[in-house]
Amino acid sequence: MGHAEHLGGLVADLLREAGVQPSQIRRLASTVGPGSFMGVRVGLSFAKGFAFAHGADTVAFTTMEALWLSLPGETHGYAVLDARRGQVYLQGFGDCAHAPSVLDIEMARDLATGGAMIGSGASLLGRKAGSDVILPDIGQLAHAAQTRSPSALVPVYLRAPVATPTPRRA
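Now for a quick tour of the structure. (Residues numbered from 1 in each chain as written. Predicted model: local features only at pLDDT ≥ 70, side-chain atom pairs only at ≥ 80, totals over all residues. Heavy atoms only, no water.)

Looking at the overall build of the protein chain
Alright, step 1. Across its full length, the protein chain carries five helices and six strands.
Alright, step 2. Counting helices and strands in the order they occur from the N terminus, the protein chain gives α-β-α-β-α-β-β-β-α-β-α.
Alright, step 3. Expressed along its principal axes, the backbone C-alpha trace of the protein chain runs to roughly 55 × 45 × 25 Å.
Alright, step 4. Evaluated residue by residue, the protein chain yields a buried proportion of 34% over its 170 residues. (Helix = DSSP H or I, 4+ residues; strand = E, 2+ residues; numbered from the N terminus. Buried < 20%, exposed > 50% of the residue type's maximum accessible area, 1.4 Å probe, protein only.)

Observations concerning the environment of Leu81
Alright, step 1. Within the secondary structure layout, Leu81 lies in strand β3 (residues 77–84).
Alright, step 2. Separated by 30 residues in sequence, Leu81 and Ala51 place their C-alpha atoms 28 Å apart.
Alright, step 3. Ignoring any residue separated from it by four or fewer positions in sequence, one finds Leu81 in contact with Thr63, Met64, Leu67, Val88, Tyr89, Gly119, Ser120 and Gly121. (Contact = heavy atoms within 4.5 Å.)

Comments concerning unusual backbone geometry
Alright, step 1. Going from Gly33 to Pro34, the amide bond is cis rather than trans, its omega being 5°.
Alright, step 2. Looking at the secondary structure, you find Pro34 in the loop between β1 (27–31) and α2 (37–54).
Alright, step 3. The phi torsion at Arg85 lies on the positive side, around 55°, for a residue other than glycine.
Alright, step 4. Among the secondary structure elements, Arg85 is positioned in the loop between β3 and β4 (87–93).

Re the sheet that holds strand β6 (residues 116–118)
Alright, step 1. The sheet built from four strands is open, its strands ordered β5-β4-β3-β6 with mixed pairing. Each edge of the open sheet is held by one strand with a lone partner, namely β5 (98–104) and β6. When the angles between neighbouring strand axes are averaged without regard to direction, this sheet yields 25°.
Alright, step 2. Note: β4 against β5, five bridges, orientation antiparallel. Each bridged residue has a counterpart across the sheet, and for Leu90 the counterpart in β5 is Ser101. (Pairing = 2+ DSSP bridges. Axes fitted to C-alpha atoms, helices over the stretch in contact; angles between N-to-C directions.)

Now the structure itself:
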């Protein structure tokens, strides 16, 4: 709770500490999900607003793709995150290319049989992760963002929202 209220101040502090003016940011990379519904919405709203206000290009990465970039020497494998409720978020890369999806653990275990693996869900699939990294390597992400063409920040939602609107009273 409250991350939307604090995000702008945290970014301002970071830029000030780095001696960077917002107008100097020419490209902004952001993960687009999957993740917590509100976290994805708040993060993307801030990133889009910042980019628009300062004329920066945007580059989108799925959450698993950002994590996969933390294994720069690997050519194929999977990034897998614990999605709770007996499921994982899974995306394959290289020879294991597979679009981001949410799968039951057993189904993911059957699908992700080869290649390297990274992420909090690796142990759920009975695999050892190729790294203890559980957060994306920001340096690798920044490097990848420089080499990519700009792309729209469109959220990746792999599940329906858990929350439902409260019915209006007459």
